[in-house]
Amino acid sequence: MRRNGCCLELRQGTVARPVTHSNESDNMNILFLCTGNSCRSILAEATFNHLAPTGWKAMSAGSQPTGTVHPRSLALLAREGIDTNGLHSKSWDNLPLAPDVVITVCSNAAGETCPAYLGSVLRAHWGVDDPAHATGTEAEIEAAFTTAYRILRRRIEAFHALPLAQLAHDRTRLKAELDRIGVLSA
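This write-up is about the structure you can find in this document. Note that this is a predicted model, so its numbers are computed, not measured.

1. Some points on the overall build of the protein
- From N to C terminus, the protein includes five helices and seven strands.
- Taken from the N to the C terminus, the helices and strands of the protein come in the order β-β-β-α-β-α-β-β-β-α-α-α.
- Burial status across the protein gives 46% buried among its 186 residues.
- Counting contacts in the protein only where the partners sit at least 6 residues apart, residues at least 24 apart contribute 72% of the total.
- Accessible surface, the protein: about 8,900 Å² in total, of which carbon and sulfur atoms supply 50%.

2. Examining the sheet that holds strand E4 (residues 56–62)
- The four strands are arranged E4-E3-E5-E7 in an open sheet whose pairing can be described as parallel. Only two strands of the sheet have a single partner each, and these edge strands are E4 and strand E7 (122–125). Neighbour to neighbour, the strand axes of the sheet diverge by 20° on average, direction disregarded.
- By the bridge criterion, four bridges tie strand E5 (residues 101–104) to E7 in an arrangement that is parallel. Following the sheet pairing, Val101 is matched in E7 by Leu122.
- Docked against the sheet, helix H1 (residues 40–51) engages strand E3 (28–34) and E4, running at close to 170° with respect to E4.

3. Comments concerning the layout of surface pockets
- Approximately 260 Å³ is the volume found for the largest pocket.
- For the largest pocket, the lining is made up of 18 residues, of which Glu45, Asn49, Lys57, Gly86 and Leu87 are closest to its centre.
- When residues of the lining of the largest pocket are traced back to their parent elements, those giving at least two are H1 and E4.
- In terms of residue count, the dominant contributor to the lining of the largest pocket is H1 (four residues).
- Of the residues in the lining of the largest pocket, the class split is six nonpolar, seven polar and five charged.

4. Digging into the packing of aromatic side chains
- Using the criterion set out here, one finds five aromatic pairs in the structure.
- Ring centres of Phe48 and Phe159 lie 5.4 Å apart, and the angle between their planes is 55°; on these two criteria the pair is classed as tilted. Within this pair, whereas Phe48 is found in helix H1, its partner Phe159 is found in helix H3 (residues 138–160), the two being separated by 111 residues in sequence.
- A residue is classified by how much of its surface remains accessible, and Phe159, at 0% relative accessible area, is buried.
- Here the aromatic rings of Trp126 and Phe159 are separated by 6.5 Å at their centres, their planes lie at 70°, and the arrangement is edge-to-face. One end of the pair, Trp126, is in the loop between E7 and H3; the other, Phe159, is in helix H3, and 33 residues separate them in sequence.
- A network of ring pairs unites the aromatic residues Phe32, Phe48, Trp56, Trp126 and Phe159 as a single cluster.

5. Considering the pattern of salt bridges
- One pass over the full model with this rule turns up eight salt bridges.
- Note that Glu177 is salt-bridged to Arg180, the shortest N-O span being 2.8 Å. Highlighted residues: Glu177 and Arg180, both in helix H5 (residues 171–181), separated by three residues, approximately one helical turn.
- Residue classification places Glu177 among the buried residues on the basis of a relative accessible area of 17%.
- Overall, Arg180 belongs to the partly exposed group, its relative accessible area being 42%.
- Look at the salt bridges and you will find they share partners, linking Arg72, Arg79, Glu138 and Glu142 into a network.

6. Focus on the environment of Pro71
- For Pro71, the location among the structural elements is in helix H2 (residues 71–79).
- For Pro71, a relative accessible area of 59% gives the class exposed.

The rules we used
- Residues numbered from 1 in each chain as written.
- Predicted model: local features only at pLDDT ≥ 70, side-chain atom pairs only at ≥ 80, totals over all residues.
- Heavy atoms only, no water.
- Helix = DSSP H or I, 4+ residues; strand = E, 2+ residues; numbered from the N terminus.
- Buried < 20%, exposed > 50% of the residue type's maximum accessible area, 1.4 Å probe, protein only.
- Contact = heavy atoms within 4.5 Å.
- Areas by Shrake-Rupley, 256 points an atom, 1.4 Å probe, with all protein chains shown as cover.
- Pairing = 2+ DSSP bridges.
- Axes fitted to C-alpha atoms, helices over the stretch in contact; angles between N-to-C directions.
- 1 Å grid on protein atoms, 1.4 Å probe; cavity = no way out; pocket = protein on both sides within 12 Å on 5 of 7 lines; lining within 4 Å.
- Points joined across faces, edges and corners; volume = space filled by probe spheres on them.
- Nonpolar A, V, L, I, M, F, W, Y, C, P; charged D, E, K, R; others polar.
- Phe/Tyr/Trp six-rings, centres within 6.5 Å; stacked < 30°, edge-to-face > 60°.
- Salt bridge = Lys/Arg side-chain N within 4 Å of Asp/Glu carboxyl O.

Right, here's the structure in full:
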């Protein structure tokens, strides 16, 4: 079954560990979701947490994780001064926290099939081309990673510029803002 013209609806697996929700209403858990969890969702998780206000936490996962984080993603984050400790490719079956918001980062333009997280969460789509599939010279491949990072960073910065304490209580407005941000380019 296709959803939103690009996303295949997949059933969420069983969570292997106890799942906890935010205790305070101003806290939010954000899940960046893709299929492989090796590049884009990892870049988004690390960047979001680097810039996040207290109480807002990002995690990333994949419906079919590769099991490794792409070395170029880790190198790029390190160059940007973003901590890479603890980053690893993981399945959505093993989330430590239940997400309040799920943001898919697969690329509509590339015809990717995005996993669709089921459950009572707010969902948004921030499509970004997968730099792991870039070909060409070293410079062209590096440029693909940099472009993906810059797009995600711009969107995350726009997200953090929102009145987050207010939006935590206004899901309709938060959804509208997430959708607006999801089309920003680098």
